[in-house]
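Examining the three-dimensional arrangement
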Amino acid sequence: MSGIFSEGRVFGRDPLPRRRPKALLPTLGIVIGLVVLIGVFTDVWTERLWYGALGYRSVYTTLLETRTMLFAVFGLALALSVAGNIALAYRFRSRSHPASAEQQSLDRYRDAVEPLKRWIVIGLAAILLLFGGSNAAGDWKTYLLWRNGGSFGVKDQFFGRDIGFYVFDYPFYRMVIGYLFAIVILSLLGVLATHYLYGGITVQGRKHFSDAAQVHVSALLGVFMLLKAVSYWLDRYGLTISDGRLFTGVSYTDAHAVMPAKNILLIISLICASLFFANIVLRTWMLPAIGFGLLLLSAILIGGIYPAIVQQFQVKPSEPDKEGPYIAKNITATREAYGVANVQVSDYAAVTDIGPSELRAYADSLPGTRLLDPMLVRQAFEQLQQVRGFYAVPDLLDVDRYQVGNNPQPSDMVVALREVDLNGLPIDQRNWNNDHTVYTHGNGMIAAYGNRRGPSGEPVWSEQDLPPIGQLGSYRPQVYFGDLEPSYSIVGAPPGQAPIELDIPDTESAGSATKTTTYDGGGGVPIGSAFHQLLYAMKYHEPNILLSGRVNADSQILYDRSPRERVEKIAPWLTVDGDQYPAIVDGHLVWIVDAYTTTGNYPQSERESLEQATSDSLTGTQALAAQSSTDINYVRNSVKAVVDAYDGSVTLYQWDPNDPILKAWMSAFPGVVKPQSEIPDALREHLRYPEDLFKVQREILARYHVTNASTFYQGTDRWRVPEDPTIEAGTIAQPPYYLSVKMPGQTEPAFSLTSVYVPNNRQNLAAFMSVDADAASSDYGTMRILQLPGTTTIPGPGQMANAFNADQTIARELQPYRLSGSRASFGNLLTLPVGGGLLYVQPVYTQRGVGEGTYPVLQLVLASFGGTVGSGTTLDQALAVVLGSNSGTTQPPPSGGGGGGGSGGGGTTSDQVRSLLQQANAKYEAAQAALANQDLATYALRIQEMDTLIQQALALTQPSSEPTSGPTGGSTPGDGGTTPPASGGG
């Protein structure tokens, strides 16, 4: 019986079958590998098709070839070096093993490794190839800059080397040294492990190294020390871009202690390398150990303790004097690297008392102060001009300028494109065909005068409706490329086939029928072939691309449709501005995108976080992207990019012909960037000074407007960008604003980008900053700072916002809106230099409720000069109050017409007000009913009638004469639904 069981028989049956290796795991591995390979192939090939469709296949080819070369060279160097050293250690392994307990315990490991040794080494080499190659491929920018970089024509202030060495060469040398260190260290670890496993290195016994192990380890340590010597040599140059306690760059301690220490350690490293190489012959560890110990001791004493002693006992007692010359070098380099060396800083008296005629004369000379807040007015654009719910505009509108009619001066406009937004479709209309073949594009530009308001506070349009009509000229209105378009759309059809793309929806109020169209532009990838359809079906995990009859021989697929994203892909070596803005240029709707070249290796220049410097209350919105957290110390607006909103074509123009970094990239990617001379005049009229560059420069100038080293060290004249007073979060910077302003010394107002400063830890105004933003002007880029005297107490934005909120007259003017259930929103607080002083202007919007169909309307304009607050329905009325020509009573606007201008009737004033508000509420209910029926025209008319009735009620509540309180007088107006919203920026 026992025999039967021992032979595997049970009750006379055949022996139990032995378990055989299953094919499941290998098969699963093969399947996973194929899926990965197919995914990689799909991504690579569709990227190739995308670049080819835009005419930039050379960019993709250069990127692919460069990254592949770096992957192969550095990955193979790492893998082969480590594997080769391990193989060499195995080749010269110890053949005899001492009969020690240590070696006996290693016998079983040797027995386990021996049959698998080849696969272990191959697997390790493969892992090193992947990791090393991937890291190297990610450094393609460093390699291409080194390969194509040239000279800056400027030498650094310590070593006398051209700046190009630090920007182009130094990073590549560091990259190579880093990989060589990785090769030597990993090889050394592999060699030590191999020799130890096979008895060449022992812990027990008198002789710890075999001859072969000693030679091998000594050679690797010698190479390591040579690399360390080269690293010490590079460290000296690295001091010019290292972050110190006070500033970036070489300090007194660096120059007098750290730099000599690096030179000494370099020499000791060379001596140690010689001793390790000598150990190959001498076969004694005593001398190398002494040398290495000397290096460690020197690194601690000379490289660490001595600089600390110099800092503590020489520098700290007289730091301003010791560091003064080095601070001066930092100031010079920083101002040059950030392009602010020529900023014009002038004293500004900031007078608070000038004659009414002078103030009026200056106000009349302005072409119009922009009152529309691009953030708050967005809802009005969308509600009054979206036509259908599936159209939308970005979260933040843009500011541009257009010459309208016979006006010789361009007018500031708030603009947006009407884009398609699938989230606005009813849920029962959401399907693949509608999402990707019908609702494919937006239509038309929406534009409003920045300094005008309609009878009820709505925008005054300069471009509106569908089909678009207005004063900005004719253009092709379809918008296929923007931030809100679908992730991909399939467009195009053969001749004769009925179009299916919705172009202009049915607008019943205008009596027009729905119009469809077929896309006939470029910019898309042809997917007529089954192979391309299969590729994109896999890319988007969507079988309909392969199966749908709407995909035909003439179809194209449009994707990567954000203008910012397209520029980043075409020129991945550029840093793209967070704001893109639309313009009408030569009959085309285009997006204009600013792009920068940056580096963090400009010697002695202060490093700044790009993300922190460009962050304000508007960044992170759909239309204003946040920058990366990269630290930079050099920036140039080197490229102006244009993306056609219809065909998605991308054109890059060289903007800074003197930028050495751009020249290097143009050498690496020839033909991608066109020369500045090819910029059309019609496009140049819409180019402007970019926001992110200005924000970085204003952050730098908050400290580096000071050019005296002693004053800089004391920090008594440092400024900061004030918090945005129109939002509840209290520590977010106020954004800059595009305005037409007339600076002292200018004969005409200029389109400018402006900001203000307040002193550190204080709220009063310290300075006003502007840069001429009109690229068509000869003064483009001229930066001016009006520095207020330290003895003045001109209120800053936060204090001015508090003054407006505390003003009793303003509170009374807003009270009727609160009583009707509306809430007040304070718009962007603008600052303008006027007649030797500073004028504050802020629009106030009211909005009834927060549900669908409501939007803010401009009701009041607030102004303040010299401590006097004024308000009115227009800036002229507000200035009249400031000038003392009337009491500031807000007059009601004309009746909105359309049967909506009812009166209060007889009875007491309160009865009339109550009657008007009841009528206004009825108009609101009628507007909501129209909105529910998607009748936007009737909806807008009823809202206007409601606002007119509220204005009439407002007029009845005004006293005949009421003095206007100053900026600190009066009581707070109470909550009443007033909430400070997010500010609108330029």
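Quick summary incoming for the structure in this document. Only a predicted model underlies this, so the values are computations on that prediction, with no experimental measurement involved.

1. Focus: the overall build of the protein
- For the protein, the helix and strand inventory stands at 27 helices and 32 strands.
- Taken across its 986 residues, the protein has 53% of its residues classed as buried.
- The long-range fraction of contacts in the protein, counting pairs at least 24 apart against all pairs at least 6 apart in sequence, stands at 71%.
- Only carbon and sulfur atoms are counted for the fraction: they give 56% of the accessible area of the protein, which is about 41,600 Å².

2. What about the side chain of His436?
- Inspection of the secondary structure assignment puts His436 in helix H14 (residues 432-438).
- Separated by 2.7 Å, the side chain of His436 and the backbone oxygen of Tyr488 make a polar contact.
- Residue contacts for His436: discarding those within four places in its chain leaves Ser487, Tyr488, Ser489 and Ile490.

3. Examining the pattern of salt bridges
- Under the defined criterion, the tally for this structure stands at 23 salt bridges.
- Measuring nitrogen to oxygen at the nearest pair gives 3.4 Å for the salt bridge that ties Arg378 to Glu382. Highlighted residues: Arg378 and Glu382, both in helix H13 (residues 378-385), separated by four residues, approximately one helical turn. Here the two residues Arg378 and Glu382 agree in accessibility, since each one is buried.
- Here Asp656 makes a salt bridge to Arg636, at a shortest N to O gap of 4.0 Å. One end of the pair, Asp656, is in the loop between strand S21 (650-654) and helix H19 (660-668); the other, Arg636, is in strand S20 (residues 634-644), with 20 residues separating them in the sequence.
- When salt bridges that share partners are traced, they join Asp398, Asp579, Arg688 and Glu691 into one network.

4. With respect to the packing of helix H10 (residues 286-315) against helix H11 (residues 319-337)
- Packing of H10 against H11 leaves a shortest axis separation of 9 Å and a crossing angle of 115 degrees. The segment H10 lies against H11, with Gln311, Gln314 and Val315 engaging Glu319, Lys322 and Glu323.
- Within the contact of H10 with H11, the residues separate by chemical class into one nonpolar, two polar and three charged.

Definitions and cut-offs
- Within any chain, residue numbers begin from 1 and follow the written order of that chain's sequence.
- Reporting of local features is limited, given that this is a predicted model, to residues whose pLDDT is at least 70; pairs of side-chain atoms are given and counted only at 80 or more, and all residues count toward the totals for whole chains, interfaces and linings.
- To get the side-chain values, take all heavy atoms of the structure and skip hydrogens and water.
- The way it works is that DSSP assigns letters per residue, a run of H or I at least four long becomes a helix, a run of E at least two long becomes a strand, and they are numbered from the N terminus.
- For every residue, the accessible area obtained with a 1.4 Å probe (protein chains only) is divided by the maximum for its type, and the residue is called buried under 20%, exposed over 50%, and partly exposed between those limits.
- By definition, residues are in contact when any of their heavy atoms lie within 4.5 Å.
- Method for areas: the Shrake-Rupley scheme with a 1.4 Å probe, in which residue coverage is limited to the protein chains shown.
- Each polar contact in these results corresponds to two N or O atoms within 3.5 Å; when the atoms are within protein, one needs to be able to donate a hydrogen and the other to accept it, and residues that are neighboring in sequence are counted only if both atoms are side-chain atoms.
- What counts as a salt bridge is simple: a side-chain nitrogen of Lys or Arg found within 4 Å of a carboxyl oxygen of Asp or Glu.
- For helices, the axis comes from a line fit to the C-alpha atoms of the stretch in contact; other axes are also lines fit to C-alpha atoms, and the angle between any two N-to-C directions lies between 0 and 180 degrees.
- Residues are grouped as follows: Ala, Val, Leu, Ile, Met, Phe, Trp, Tyr, Cys and Pro are nonpolar; Asp, Glu, Lys and Arg are charged; every other residue, Gly included, is polar.

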